[in-house]
Amino acid sequence: MFRQRMRELSNYQFAVLLVLPILVFLLALVVYPLGYAAWLSLNQVSFFGGIKFTFTGLDNYKEILSSPNFWHAVKVTFRFTVESLVLTMAIGLAMALTLALPLKRRKIIQTLTIMPWAISPYATGILFKYLLRGKSSFLTALSYSLGINKTVDLLGQKTVVEAVTLGNAWNLAPLVGFFLLANILTIPSGLYRLAKLDQLTVLERFKHVTFPYIRYTLFVFANIVTVLSLKAFDYIYVQTGGGPGNASSTITYEIYKQSFINFNLGYGAALSFYLLMLIFLTTTLLYVVWGRRELRS
Amino acid sequence: MMRKVALLSLACILLIATFSPGVLAAVDFEARSGQTVRFQGWQFATDVVLDTVRRYNETMGGNVEYNTIAGDYSAIMEQKFIAGDAPDILYGHVYDAVRYFDGGWIEAIDSLPNADEILADLIPSVAEAWTYKGKVLGLPYFTSVIGILVTNLDRMEECGLTEADYPKTWDEFYELIHALHEQGVENPYLPAWYSEQWGIGWSFLAEVLNRGGVTADPETHEPRLTADGPGGDTLRAWKRLWNEGVVDKEVLSYRETDHIEAWESGRYLFASHMAYNIRRSNDPKFSQVAGRTGFVPYQGQPWGILDVGLYLITKKDRDPDFQHDVEAFFSWYGFKNEEGRAYVAERWLQDFMLFSGYQSVMSGEIALEAIRSSLANPDDVDKMIELYENASYPKGVFHVTWSPEFQSFLREELQSFLLNDKPVEQTIEAINSEIARLNKVYGIN
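Small disclaimer: the values here were computed from a predicted structure and weren't measured.

In this section: the overall build of chain A. Tallying secondary structure elements over chain A gives 13 helices and 2 strands in all. For chain A, the C-alpha radius of gyration of 25 Å lies well beyond 19 Å, the compact-globule estimate for 297 residues. Each of the three principal axes of chain A carries a C-alpha extent, and together these read 80 × 75 × 35 Å. In chain A, buried positions account for 41% of the 297 residues. A sequence separation of at least 24 residues applies to 65% of the contacts in chain A between residues at least 6 apart. The centroid of the 26 positive side-chain charges in chain A is displaced by 8 Å from the centroid of its 11 negative side-chain charges.

Quantified by volume, the second largest pocket comes out at close to 1400 Å³. Considering the residues around the second largest pocket, the lining is formed by 50 residues, among which Gln258, Asn262 and Asn264 of chain A together with Glu434 and Arg437 of chain B are closest to the centre. It is helix 20 (residues 403-419) of chain B that provides the largest number of residues to the lining of the second largest pocket, a total of 7 residues. For the lining of the second largest pocket, the residue count by class is 16 nonpolar, 20 polar and 14 charged.

Side chains on a regular strand alternate between the two faces of the sheet. All names here are of chain B. Taken across its 14 residues, strand 7 (residues 139-152) has 14 buried, putting it largely inside the fold. Summarising the sheet, strand 7 and strand 11 (residues 305-314) pair through 7 bridges and their orientation is antiparallel. Along strand 11, the bridge assignment pairs Val145 with Leu306. Both strand 7 and strand 10 (residues 293-295) contribute to a ladder of 3 bridges, which runs antiparallel. Each residue of the ladder has a partner; that of Val150, found in strand 10, is Phe295.

What follows is about the pattern of salt bridges. A full pass over the atoms with the stated rule returns 41 salt bridges over all chains. Connected via shared salt-bridge partners are Asp51, Arg54, Glu58, Arg347 and Asp351 of chain B.

Once that is clear, we can look at the interface of chain A and chain B. Tallying the contact residues gives 26 residues for chain A and 32 residues for chain B. For the pair chain A and chain B, the number of links is 3 salt bridges. Between Lys129 of chain A and Asp258 of chain B there is a salt bridge; the shortest N-O distance is 3.6 Å. Taken together, the connections running from chain A to chain B amount to 9 residue pairs in polar contact (both at pLDDT 80 or more). A class-by-class count of the residues in the side of chain A that touches chain B yields 12 nonpolar, 9 polar and 5 charged.

Here we take up helix 20 of chain B. All names here are of chain B. The terminal C-alpha atoms of helix 20 lie 24 Å apart, and with 17 residues this matches the ideal 24 Å at 1.5 Å per residue to within 8%. Across the 17 residues that make up helix 20, a large majority, 17, are buried. Asp421, located one to two residues past helix 20, shows a positive phi value of around 50°.

Across chain A, pLDDT averages 90, with 97% of residues at or above 70. Here helix 1 (residues 2-8) of chain A is the element of chain A with the lowest mean pLDDT, 60, and helix 3 (residues 59-65) of chain A is the one with the highest, 96.

Here Glu250 of chain B is to be found in the loop between helix 11 (230-243) and helix 12 (256-264). Here Tyr254 of chain B takes part through its side chain, which lies 2.9 Å from a polar atom of the side chain of Glu250 of chain B. Setting aside residues up to four positions removed in sequence, Glu250 of chain B forms contacts with Arg133, Gly134, Lys135, Thr151 and Asp153 of chain A.

Okay, the packing of helix 3 (residues 46-60) of chain B against helix 15 (residues 343-352) of chain B next. Residue and element names in this part refer to chain B. At their nearest, the axes of helix 3 and helix 15 sit 12 Å apart, and the two run at 155° to each other. Classified by the angle between their axes, helix 3 and helix 15 sit roughly antiparallel to one another. Of the two possible hands of crossing, helix 3 and helix 15 adopt the one that is right-handed. Where helix 3 approaches helix 15, its residues Val48, Val49, Asp51, Thr52 and Arg55 are matched on the opposing element by Tyr343, Val344, Arg347, Trp348, Asp351 and Phe352.

Turning our attention to the packing of helix 17 (residues 365-374) of chain B against helix 18 (residues 381-390) of chain B. All names here are of chain B. The interhelical angle for the contact between helix 17 and helix 18, taken along N-to-C directions, is 105°, at an axis separation of 9 Å. Looking at the two axes, helix 17 sits roughly perpendicular to helix 18. Seen from helix 17, the contacting residues are Leu368, Ile371 and Arg372; seen from helix 18, they are Val381, Met384 and Ile385. Counted by class, the contact of helix 17 with helix 18 contains 5 nonpolar, no polar and 1 charged residues.

Once that is clear, we can look at helix 4 (residues 73-82) of chain B. Residue pairs spaced three or four apart in an α-helix point in one direction, given the helix's 3.6 residues per turn. Residues and elements named next belong to chain B. Among the 10 residues in helix 4, 7 count as buried, and that is most of the element. Listed as buried for helix 4 are Tyr73, Ser74, Ala75, Met77, Glu78, Lys80 and Phe81. Positive phi appears at Gly84, one or two residues downstream of helix 4, with a value of about 70°.

Residues and elements named next belong to chain A. The omega torsion across Gly243 and Pro244 is 0°, close enough to zero to call that bond cis. Within the element layout of this structure, Pro244 appears in the loop between helix 11 (234-239) and helix 12 (251-261). Although it is not a glycine, Asn149 adopts a positive phi angle of roughly 55°. As for its placement among the helices and strands, Asn149 is situated in the loop between helix 7 (138-145) and helix 8 (160-185).

A few words on the nonpolar core. Grouped together as the largest cluster of nonpolar side chains are 157 residues, with contacts concentrated most on Phe39, Tyr91, Tyr333, Trp348 and Met384 of chain B. If you tally residues by element for this core, the top one is strand 7 of chain B, at 8 residues. Trp348 of chain B has contacts with Phe44, Ala45, Val48, Val49, Tyr91, Tyr141, Tyr311, Tyr333, Met353 and Leu354 of chain B, leaving out every residue within four places of it along the chain. Val176, Leu180, Ala195 and Phe221 of chain A belong to the second largest nonpolar core, which has 18 residues in total.

Definitions and limits used
Residues numbered from 1 in each chain as written. Chains lettered and ligands numbered in written order. Predicted model: local features only at pLDDT ≥ 70, side-chain atom pairs only at ≥ 80, totals over all residues. Heavy atoms only, no water. Helix = DSSP H or I, 4+ residues; strand = E, 2+ residues; numbered from the N terminus. Rg over C-alpha atoms; globule rule 2.2 N^0.38 Å. Buried < 20%, exposed > 50% of the residue type's maximum accessible area, 1.4 Å probe, protein only. Contact = heavy atoms within 4.5 Å. Lys, Arg positive; Asp, Glu negative; His and termini not counted. Charge placed at Lys NZ, Arg CZ, Asp CG, Glu CD. 1 Å grid on protein atoms, 1.4 Å probe; cavity = no way out; pocket = protein on both sides within 12 Å on 5 of 7 lines; lining within 4 Å. Points joined across faces, edges and corners; volume = space filled by probe spheres on them. Nonpolar A, V, L, I, M, F, W, Y, C, P; charged D, E, K, R; others polar. Pairing = 2+ DSSP bridges. Salt bridge = Lys/Arg side-chain N within 4 Å of Asp/Glu carboxyl O. Polar contact = N/O pair within 3.5 Å; in protein donor to acceptor, adjacent residues only side chain to side chain. Expected span 1.5 Å × (residues − 1). pLDDT = per-residue confidence, 0-100. Axes fitted to C-alpha atoms, helices over the stretch in contact; angles between N-to-C directions. Parallel < 35°, antiparallel > 145°, perpendicular 65-115°, else oblique. Left-handed = near helix turned anticlockwise from the far one by under 90°. Core = buried A, V, L, I, M, F, W, Y, C linked by side-chain atoms within 4.5 Å.

See the structure below:
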């Protein structure tokens, strides 16, 4: 009887049956919190004398758009993301190309180069805080060893975003590098032999042999690094606390400040939807400008 | 005859026992419920706390579980309250306690069985700092003064300075610093402008208070800063320090630990510091200015503000036995143990020079010895006590629900004032506006 019923299911129905548990799981895990956050963003929330919600419609969204802090945070976030993207991809690619060479003790070098990825953003924040700040910075040490005797503080207002970018790229680049390396190692070695016969230069070999094989991976990781950088928080919190002043205050830091310092949860939730929108727009832009071409090719 | 002596001795023993503090306490510290009492605090000397908790659990059959919170303590603890996940006993600053009390999350100490005895032992002027709406909000963890001026005695000698040159006011201090800077003295001053809630913001609140001003009215909480008053004077003095390159620009990216390490490197001549850190700075295990960290004494103008940490008890529906367990540990840890000794308070004092809020602790030889052994010059004990006695706190800002939010704003605003060379008038106006806005949000006045 049961067998007969099972046979009556169409392929589509059977597929739905199979994915049903994960759909329910996703609903509970994603849709409910997202819906709750959306509800929060339409309210002013107070916790004193019990939780109170006052429906304010789109007021939080409007207020954010008129806040100079928000626009400052957008600028900082973009600067941080673009710089992180460029630096991470460049370091990752350089790592992959280097590790693909027939080096002695390659396994050990590979293990060492993946280490930064294994370090938590919290620890990275502390490490780079000491490395880049004034009296303890390695540049200050260098300056004194060269007799210039000048304190170099990269955590100052003008350079703090670049300082934060350095740590972020250091943390993310090994991941990019290893996926690119895996990709490069699948390229048939015959192609390189042919390129050698054709007397192609190193750059030409990269352009005509290596690049076509890794361009799709590059696109995928450009997306991943963009999203990770847009939503980076713990690392920035530890290294700079959004400062000095608000010089490194990204949107994520503003969300934290509004939601968990000022306990303005409605406003914080609305801010998080602006961040979500920004992530969506940026990744869509990447797809339109770059991804579609990759898929077509 | 022998019988008479024996009876007399017994009577004496009974009399002493009856009036000794241990018996007066009349608190049964033994745990009854078998349930776990959750105790949470910020990360400071966790080994000492763990050891003390273990001692309680072993001697009183308690089941107290202690853990710490890393990061923004006030904010994380408030999230716990909101989520219904607050511990039974916790640490808090005065302004945290005020906010939690207004949120209906903590209880005042009146309900403790030995409340009268505790209240009688509190130092009145200090206890006033955590008395809010007529209620004493917690038991004293420590009292200290943040924002006193410490000096590197070796560097003072190098600069030809003696105790007679110690400034009496902030204005005198800044004149001295500028004069030294013009003479080419390097690193004359390390201000406590670090990026913590109690960093640059507290430095401002302290200096305004020391200059005789108030940031917000102590009763109505209305903004009280003016550009031509102590607030404006403070900002003008800071702007000059910053713009003339007297202080390192990197101080704004420091955390408290970085500030302490910077002082202990021995580079600086003066620093704005926490009083209790003098002990650490004079300890060769940590510091390169060990035994050479002095301080500027009180000479008519107070230095810094009173910093008070409290043990707080949360308001929860507990069965009577469990409520007893929570209160028993609270009292044992925050006041006196089964022997009638303020064991924990004495330990904080001896190990860290954290002053206690109890008269019985501060009037004892232990206190004198703890202070004496912490100072570069043991004869300065009276001067240190005088600093404490003259320190006050910004009631208008600390005794109000919005205090943590305001402190977060103040930190950012003051850093921005320095970094972006904002006009003094604009910054004073921004601070006043924020206070007015917060009063409106919280329905104050």
